Amino acid sequence: SSGINAEYGGSGVVSKDPSVKQSKDEAEILKIAEMQKKLLLAAIDSTDHTSKTGGYIVYSTCSVLVQENEWVVDYALKRRHVKLEPLGVDVGKNGFTRINKYRFDKSMSLTKRYYPHTHNMDGFFVAKLKKLSSAVKTVKETEKSQTSDGEEEEEEEEMEEENVAEEVEDNGEEMEEESGGLTDSDKEEETVPVVKKEKVVSEESAQSSSKRTKVKKGKQSKKGKEEKSVETSSEQPEKAKLKKKKKKGGSST
C-alpha cells in the first residue's frame, strides 16, 4: 500500500495563510492538478495489487478545489484498473459526483471532504483506492467508461426533468384540491358576468353608433335646408323681373 500527500494549491489552509488567495491563479491550479494526476498514476503503478496489505492507495490534499481532488481521482479511475473503497469514517462530507460543469464516477461519493467552517480543522480531501490489476486501461476501455458516464449523465438529467414535471403536476393537483374544484354550476356562474359585460358593451356601442347617425342626419338636413334657402333667395330676383315684364306688357295693351 502507498499514500500520496500531493502538492496542493493550499485552498484548505487559507485561515492559516491568507496569501494563498492571491498567490494562486487558475492557470497555476490547473498546472498543479496535472502534476497530481501524474503522481497518482505513478503511485498506482508502483503498488502491488497482490500484496498482503491489499494493494491500497490513499490520495489526500489540503485543498477543497474540485480540480485537485475529484477531477484527479476520476482521471485515475478512467486510466487504471482501480476502484474507490469506503474510508470507514462517518466524519466529513461525501465527495462530489457532479458539480457545475464537472461529472464524475458515481463511486466518488465514497471519498471525503473536510471544511474548516464545518469540521473545525484544515480543509482537505481523502480518497482510498484499491488496485485490481497491473494492466493499464486501453484507449477503448477509457472511451467506453467515458461513454457510460455520458449515458448515466443523460439518464440522471432525464430523471431530474421527470421529477420536476411530477412536482409541477402534483402542485397543480394540490391547488385544485385546496380550491375544491369547479362544478358545472360554478363555471356557469363565472361565465354569466362575462356575458352580461359583453351585452353592456354591445348596448353602449349601439347607442353611440345611433347617436353618430342622428348627428350625421341632422347635419345633412341642415345642409339641405341651407341649400334650399340659397336656391329660393336666388330665384326671388328672377321672379320679380318676370312680374315687371308682365305689368309692362299689360299697360301697353
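Keep in mind that what you see is a predicted model, and the values were worked out from it rather than measured.

A. Seen up close, the pattern of salt bridges. Taken as a whole, this structure holds five salt bridges when the rule is applied. Note that Asp-45 is salt-bridged to Arg-80, the shortest N-O span being 2.8 Å. Residue Asp-45 is found in helix H2 (residues 26-45), and its partner Arg-80 is found in strand E3 (residues 80-85); the two are separated by 35 residues along the sequence. Look at Asp-45 and you get partly exposed, because its relative accessible area is 41%. Judged by its relative accessible area of 13%, Arg-80 falls in the buried class. The partner of Lys-83 in a salt bridge is Glu-85, with the nearest N and O atoms 3.5 Å apart. Looking at Lys-83, the relative accessible area reads 39%, which means it is partly exposed. On the basis of relative accessibility, which here comes to 17%, the residue Glu-85 falls in the buried class.

B. The arrangement of the packing of aromatic side chains in detail. The tally for this structure, following the rule as stated, stands at three aromatic pairs. Consider the rings of Trp-71 and Tyr-102, whose centres lie 6.1 Å apart with planes at 55°: the pair is tilted. In this pair, Trp-71 is assigned in helix H3 (residues 70-79) and Tyr-102 in strand E6 (residues 102-103), connecting sequence segments 31 residues apart. Ring centres of Tyr-114 and Phe-124 lie 4.5 Å apart, and the angle between their planes is 15°; this geometry places the pair in the stacked category. Of this pair, Tyr-114 sits in strand E7 (residues 112-114) while Phe-124 sits in strand E8 (residues 124-136), placing them ten residues apart in sequence. A connected cluster of aromatic rings, assembled from ring pairs, spans Trp-71, Tyr-102 and Phe-104. Its guanidinium or amino end placed over the ring of Tyr-56, Lys-130 lies 4.8 Å from that ring's centre, counting from NZ or CZ.

Scoring rules and cut-offs
Residues numbered from 1 in each chain as written. Predicted model: local features only at pLDDT ≥ 70, side-chain atom pairs only at ≥ 80, totals over all residues. Heavy atoms only, no water. Salt bridge = Lys/Arg side-chain N within 4 Å of Asp/Glu carboxyl O. Helix = DSSP H or I, 4+ residues; strand = E, 2+ residues; numbered from the N terminus. Buried < 20%, exposed > 50% of the residue type's maximum accessible area, 1.4 Å probe, protein only. Phe/Tyr/Trp six-rings, centres within 6.5 Å; stacked < 30°, edge-to-face > 60°. Lys NZ or Arg CZ within 6 Å of the ring centre and 35° of its normal.

Read these as spatial facts, not as claims about activity.
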